[in-house]
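Given next are the chains, with one letter for each unit.
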Amino acid sequence: MAHNKRPDTPYSPFWAHMFSVVSGAGGWSPTVTDPEPWLQVDLRDRMEVTAVATQGRYDSSDWVSRYLLLFSDTGQAWKQLRQGDGIGRFVGNVNSEAVAHNKLSQSVRTRFLRFIPVDWSPSGWLGLRVEVYGCAYKSDVADFDGRSSLLYRFNQKSLSTVKDVISLRFKSHQAEGVLLHGEGQRGDYITLELHRGKLALYLKLGEPVYSSSRVAVTVGSLLDDQHWHSVIIERFNKQVNLTVDSHTLHFQTKGEGDSLEVDYELSFGGIPLPGKPGTFLRKNFHGCIENLYYNGINIIDLAKRRKPQIYSVGNVTFSCSWPQLVACTFLSSSSSFMSLPMAVPSAIMEGFSIRFQFRTWNSDGMLFSARLSPEPQKLELQMSSSRLNIKYGKIHKLPSVAGHRVNDGLWHTVNLDTRRLQITLTLDNELASTIEQWEQLETQGSFYFGGCPPAGCQNPNLAFQGCMRLIIINGHPINLSHVQQGLLGNYKELQFDTCNIRDRCLPNLCQHGGRCWQSWNSFSCDCSGTGYSGATCHTSIYESSCEAYKVIGSPSGFYSIDPDGSGPLGSILVYCNMTGEYTRGHYSVTCIVSVTPGPGASVEQLYAMISGSEQCHQEVVYNCRKSRLFNTKDGHPLSWWLDQKGEKRTYWGGFLPGVQQCSCSLEENCVDMNYFCNCDADKDTWATDTGILSYKDHLPVSHMVIGDTNRTDSEAIYQIGPLRCYGDKSMWNAVSFYQESSSLVFPTLQVELASDISFYFKTSAFSGVFLENLGHTDFIRVELSSPAVVTFSFDVGNGPVVVAVKSHLPLNDRQWHYVRAERNVKEASLQVDQLPFRFLDAPADGHYRLHLNSQLFVGGSASERRGFLGCIRTLTINGVTYDLEERATMTAGVTSGCPGYCSGSSSLCHNSGKCIEKSSGYACDCSQSAYGGPTCREEVSMSFDRGSSVTFTFKEPFPTMQNRSSQASSNSRKSSSRAREDVAFSFITSQNPAMLLSVSTFGQQYIAVILARNGSLQIWYHLQMHRSPDMFSPILSNLADGQLHRVRIHREGKDLYIDQDIHRKYTLSSDAELILIRSLTLGRDNFEEEIFQVGSEGFMGCLSSVQFNHVAPLKAALLNRGSSLVTIRGPLVQSNCGALSDSITSHNLRGNTKTSTGQAVKKHEQKVAYTSKTGKVLTVVTRLLTSFKKIFFKNVFKCLDQF
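Residues numbered from 1 in each chain as written. Predicted model: local features only at pLDDT ≥ 70, side-chain atom pairs only at ≥ 80, totals over all residues. Heavy atoms only, no water.

### Some thoughts on the overall build of the chain
Regarding its fold elements, the chain presents 9 helices and 86 strands. A total of 1203 residues make up the chain; the buried ones form 55% of that total. Partitioning the intrachain contacts of the chain with sequence separation of at least 6 by distance along the chain shows that 71% fall at a separation of at least 24. Roughly 51500 Å² of accessible area belongs to the chain as shown, and the carbon and sulfur atoms make up 50% of that amount. (Helix = DSSP H or I, 4+ residues; strand = E, 2+ residues; numbered from the N terminus. Buried < 20%, exposed > 50% of the residue type's maximum accessible area, 1.4 Å probe, protein only. Contact = heavy atoms within 4.5 Å. Areas by Shrake-Rupley, 256 points an atom, 1.4 Å probe, with all protein chains shown as cover.)

### Let's talk about the sheet that holds strand β11 (residues 177-183)
In spatial order, the strands read β14-β13-β12-β11-β18-β9-β23; together these 7 strands make up an open sheet with antiparallel pairing. The open sheet has two free edges, formed respectively by β14 (217-219) and β23 (310-313), since each of these has just one partner strand. The average undirected angle you get between the axes of adjacent strands in this sheet is 20°. (Pairing = 2+ DSSP bridges. Axes fitted to C-alpha atoms, helices over the stretch in contact; angles between N-to-C directions.)

### Quick look at the nonpolar core
Taken as a class, soluble globular proteins show a tendency for nonpolar side chains to be buried jointly. One finds Phe944, Phe985, Phe987, Leu1082 and Leu1103 to be the most contacted residues of the largest nonpolar core, which totals 44 residues. No other element matches strand β73 (residues 994-1001), which puts 4 residues into this core. Leave out the neighbours within four places in its chain, and Leu1082 touches Phe944, Ser948, Ser949, Val950, Leu996, Leu997, Leu1103, Val1106, Pro1113 and Leu1114. Within the second largest apolar cluster, 40 residues are counted, among which are Ile166, Leu199, Val262 and Tyr294. (Core = buried A, V, L, I, M, F, W, Y, C linked by side-chain atoms within 4.5 Å.)

### As for the state of the cysteines
A covalent bond bridging the sulfur atoms of two cysteines is what the word disulfide describes. Considering all chains together, one arrives at 14 disulfides under this definition. Across the disulfide, Cys624 is cross-linked to Cys679 (sulfur-sulfur distance 1.9 Å). Its S-S torsion of about -100° marks the bond between Cys624 and Cys679 as left-handed, since a negative value means left-handed. You can see Cys624 sitting in strand β46 (residues 615-625) and its partner Cys679 sitting in the loop between α5 (663-666) and β49 (687-693), a full 55 residues away along the chain. Cys679 carries the same exposure label as Cys624, and that label is buried. Two residues share a disulfide in this structure: Cys926 and Cys936, whose sulfurs sit 2.0 Å from each other. (Disulfide = S-S within 2.5 Å.)

### Observations regarding a nonpolar patch on the surface
Taken together, the side chains of Phe1002, Ile1075 and Leu1076 define a hydrophobic patch exposed on the protein surface, amounting to about 300 Å² of accessible area. Topologically, Phe1002 is positioned in the loop between β73 and β74 (1006-1011). Phe1002 gets classed as exposed once you look at its relative accessible area, which sits at 57%. (Patch = residues over 30% accessible without salt bridge, like charges linked within 9 Å, V, L, I, M, F, W, Y side chains within 5 Å. Salt bridge = Lys/Arg side-chain N within 4 Å of Asp/Glu carboxyl O.)

### Structural notes on the pairing of strand β58 (residues 801-806)
Sheet topology note: the strand β57 (residues 789-795)/β58 ladder contains 6 bridges and is antiparallel. The partner of Thr791 across the bridge, within β58, is Ala804. Between β57 and β58, which follow one another and run antiparallel, lie 5 residues, and Gly797 among them has a positive phi close to 115°.

### A closer look at the sheet that holds β58
The strands making up a sheet associate through hydrogen bonds between their backbones, and the pairing can be parallel or antiparallel. Pairing in this open sheet of 6 strands is antiparallel, and the strands run β53-β62-β55-β56-β57-β58 from one edge to the other. Strands at the two margins of the open sheet, each flanked by one partner only, are β53 (744-746) and β58. Taken over all neighbouring pairs, the strand axes of this sheet differ in orientation by 15° on average, direction set aside. Where strand β56 (residues 779-786) meets β57, 7 bridges bridge the pair, whose relative direction is antiparallel. By the bridge assignment for β57, Glu783 is matched with Thr791.

### Side note on the pattern of salt bridges
The tally for this structure, following the rule as stated, stands at 43 salt bridges. Note that Glu48 and Arg109 form a salt bridge whose closest N and O atoms lie 3.6 Å from each other. Remark: Arg109 occurs in strand β6 (residues 100-120) and Glu48 occurs in strand β2 (residues 39-55); sequence separation between them is 61 residues. Residue Glu48 is classed as buried on the basis of its relative accessible area of 17%.

### A short note on the packing of aromatic side chains
One pass over the structure, following the stated rule, counts 35 aromatic pairs. Residues Trp120 and Trp125 carry aromatic rings whose centres are separated by 5.6 Å and whose planes lie at 70° to one another, so their mutual orientation is edge-to-face. Note on Phe352 and Phe447: the rings are 4.8 Å apart at their centroids and 45° apart in plane angle, and the pair reads as tilted. Separated by 95 residues along the polypeptide, Phe352 in the loop between β26 (337-340) and β27 (353-359) and Phe447 in strand β35 (residues 443-449) bring together distant segments of the chain. Ring pairing ties together the aromatic residues Phe330, Phe352, Phe356, Phe358, Phe368, Phe447, Phe449 and Phe464, which thus form one cluster. Sitting over the face of the ring of Trp411, Arg469 holds its NZ or CZ atom 3.9 Å from the ring centroid. The ring centre of Trp816 lies 4.8 Å from the NZ or CZ of Arg873, which sits over that ring. (Phe/Tyr/Trp six-rings, centres within 6.5 Å; stacked < 30°, edge-to-face > 60°. Lys NZ or Arg CZ within 6 Å of the ring centre and 35° of its normal.)

### Observations concerning unusual backbone geometry
Glycine aside, negative phi is the norm for most residues, and most peptide bonds take the trans geometry. For the bond from Leu506 to Pro507, the omega torsion is 0°, close enough to zero to count as cis. On the secondary structure map, Pro507 appears in the loop between β39 (494-496) and β40 (515-518). The amide bond that connects Leu699 to the next residue, Pro700, takes the cis arrangement and shows omega of 0°. If you trace the backbone, Pro700 turns up in the loop between β49 and β50 (703-706). Despite not being glycine, Gln226 has its phi angle at roughly 70°, a positive value. Position of Gln226 relative to the elements: it lies in the loop between β14 and β15 (229-236). In this structure Gln226 comes out as buried when scored by relative accessible area, which is 5%.

### Observations regarding the confidence of the model for the chain
When the pLDDT values of the chain are averaged, the result is 82; 83% of them are 70 or greater. In this model residues 581-599 is a low-confidence stretch, pLDDT under 50, and it forms 89 contacts with partners more than four residues away in sequence or in other chains. (pLDDT = per-residue confidence, 0-100.)

### Details of the environment of Arg1046
The topology assignment puts Arg1046 in strand β77 (residues 1044-1052). Judged by its relative accessible area of 18%, Arg1046 falls in the buried class. Separated by 3.5 Å, the side chains of Arg1046 and Glu939 make a polar contact. Engagement of the side chain of Arg1046 in a polar contact is seen with the side chain of Ser986, the distance being 3.1 Å. (Polar contact = N/O pair within 3.5 Å; in protein donor to acceptor, adjacent residues only side chain to side chain.)

### Brief notes about the side chain of Ser663
For Ser663, the position within the fold is in helix α5. Look past the residues within four positions of Ser663 in its chain and what remains in contact with it is Trp652, Gly653, Asn669, Thr690, Gly691 and Ile692.

### Observations regarding the environment of Arg359
Within the secondary structure layout, Arg359 lies in strand β27. Between the C-alpha atom of Arg359 and that of Trp411, which follows or precedes it by 52 residues, the distance is 4.7 Å. Once residues lying within four places of it in the same chain are set aside, the contact partners of Arg359 are Leu222, Asp224, Gly409, Leu410, Trp411, Phe464, Gly466, Cys467, Cys499, Ile501 and Trp520. At 3.0 Å, the side chain of Arg359 and the side chain of Asp224 are in polar contact. Looking at Arg359, its side chain comes within polar contact range of the main-chain oxygen of Gly409, at 2.8 Å.

### A closer look at the environment of Met338
Structurally, Met338 can be placed in strand β26. The buried category is assigned to Met338, whose relative accessible area is 0%. Taking the C-alpha atoms as reference, Met338 lies 5.8 Å from Tyr448; in sequence the two are 110 residues apart. Excluding residues within four positions of it along the chain, Met338 makes contact with Cys328, Phe330, Phe447, Tyr448, Phe449, Ile471, Leu480, Val483, Asn490, Tyr491 and Leu494.

Okay, here's the thing in structure tokens:
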């Protein structure tokens, strides 16, 4: 054993073995003055280490409670060992004698281990005895110098395999290099290479199906770290598993074949040119490979024994002895630095030169600085916005090569030379950038790398956080070991002998296709274009059903719905008919099955929507002339359709799948009652069988098969109507808990990385657990902890975490309240009703997987906490809605449903109005709605003159608004995932230009919605002062046409959705949040910049149902005319223009077609033939054709349309 500083005493590393006792003592203990103590273990040879154990110093108060563990092959370049979840700290001891075992999540093959204490005994000092567990490790190693390779030659011309297993381990300090290559004449190839520090596999079997371009599958990161990495390629036919270390990628190969055909040979370490030994097509691998097996053949062993199958190109040796490059890590972005003296230049040299390599994820930081004469001049080399620049004196600034980003985690080489009256900057292999000087620079004092000490200077920006190596000053290499030992220069917050960089985007913890971005300490997710929001792109930005859109007051129109919420399925574009009626169209379409909701929609998406709806149906129309559906002799079906699973179905109407009859037979109105279908009468005249298929498990219809068309003059035309679903069966799935000891039990939650839990509750109890799921030590729980407080608590291994929301009013008031709790690897959040969100950040380097092993309890607890008394409904976890009513039928003390007027599925209150239980009825609370009236259905409208305006000032308290920005909790941080606005209003005007609505903050941010001079709608967002505002114009036609137009705007971070239409999505230049909103103005406003003139023009016309988040400014103006928070200028008259939407031609933002709401539905569906009186919201999933033509079937013909 070894350590950094300690004489050979009873406290030396010699006595650091487990259970060592000598002279009444035993164990390693460093001196109190040692600033960076560590204990190093030399295993004498490479071993496979599987576990470690520690004790404190014998019979003392000295022990180590937490420590880091580093490993190395040579004792020079070290790498930190991390457990599951990327945890770098190992749990040690709580006393001096107990043994703390730590089994490694993955074994490591190494010779040296280094224990670095982090925390120790609070009542004593560091004391450590250690034991290492493992076994001997032997390997066959080959060393490639970048100009060599091994060729494995086959016994025949080509080798064809349907199954391959290739395994190897490698280490390198270079980010590029070919490890394996083989190809065949028919177009097959396999190439495995390092590219930008990642492993890329190119694999194709046979001729390409579409394109011959080579596409790589990449896995791994930072693989040029001079440490061993394992690779396994497993292929069977087209299915491939590619594993690098602990990360596995499953994929299917390109090409038409199932076998890999390689001609002549496989090459390892490079791709040599035929006939040109030592010449390679791509950059060779430079490093070591061990235990290289190809389909069970030990390639390196054959090479060592000089077998004829192996041909060696260049100098391949069989030991890994190349020197390792020693690096240091700058740990802090505020205080890390290293100062070094300037090496004495030669007599002919004037100025200085420096050279070094660095790698980082940060986009900003100080790399190098030097003080110049005369003071206070300085020369600084900085990273700014991911690029290098030199700052010299006060005016000179020299950028590096444009487009060369340096925060990609790769090693970059920098040369800075101030000799020959020039300042020259060279980055990697790019062209140099130069500043010409009139006189030679004169430096004084030390050179500073990564930052500077507070006494020497002040960092002009962030200090460098990353790794450096190969520092050379005036041609003299710097020995970093001398710096660490205090023999050269000075430093602070540095870690030597290791580059402690880690890729926080591997694996990618952003969900639903979110893009991962990282800095040195954390990562963030870009959710643009995914349809999801939140810190990890977990939460869908769309509602789950048309019923949900209706509840928030949305009118009829096209919407994207996400039936499984935060689940794996994406959104579907549907048409929602909010009027409570639906229509059925009659089309004549030839061989077309059209239930697809949009490009790329899947059966799984449709099934999720169908299963979540109360009812669904689909119309089938069969027009026939001498073409039967059933054989009249034996009843054998001559035509049929296929359901969602591709199974054959022969019924043509109703919801009873076993009845092989048409609707006319079920309704007893067939033209010939001797037959079950009109077409079975086999008349020489045209007849029609029409049926409504409503058995949900079989919908939608995927294919039609038409049979009886092979006779003379037989003809058939069929049409499949759109899929229609209505209702949301989960919205009022409710249960009542009558006993505290009762609970509903469900299977264990599978929510390791992320979970969102939402439900409604009402109760009169003071407290109770809504739900709970336990693990061995982990848990997750949501409860009413007091009459006004809801808490969300969990433990993922970092200790219990509690997020609480406190209401200013009691929550046990027998009214429905909404709760949504979310936990992911970045943060936890809790929402209750419309109260401000509460957020809590997760630790950057803590555990993040939630391990549960017990059942999920709803309404009760397994931890002897008080159960819940009251009602719970609409429980959804990670997009899965739980059927509480079904489970209540088998549970004592719990009943299905919930008593009260506000507990049914009928919408008593509309447009986000809240139903309030009364002793003898109910009332609607419309305070959070832009509408009024007894049921929140009456539009609030006002007529404006050119000089009129309504200004709403955001200042607490006020009964009709909530300023979310000013109410942000103290423990929340700024995040793009929380920047959100919802704006909705209607307007009628004939004036342009016109100012419709504007929102401004104290920080000069603003949102403005205007009509331009040509009458087109423009939406302005100005979120950052140093940037120009964003402007979007979704409709270029003139909207100042005297017609009613509806505008809906929704923002999530950078994503801007207009009219909630998937085709109306825009991207903002910033994801900043509106901070400290000052006011919202309708009509005339004083604005700067481009929209000043429009603001001064004001608005003349009618505004209706204006809503901004939870603020209804028109209603506030009517109800609070005397309030200091509402300012009215000019004439303002209450109007009924909003009601015109039901009686005159109206528009939404989908175009300029002047079609009334009723006409639009008719145009979409062609005919009105059936009306539902259920009152449910209808979801129409369709892409209809507007014409059909006859098809004359002369043979049995399957009209199969890809579903």
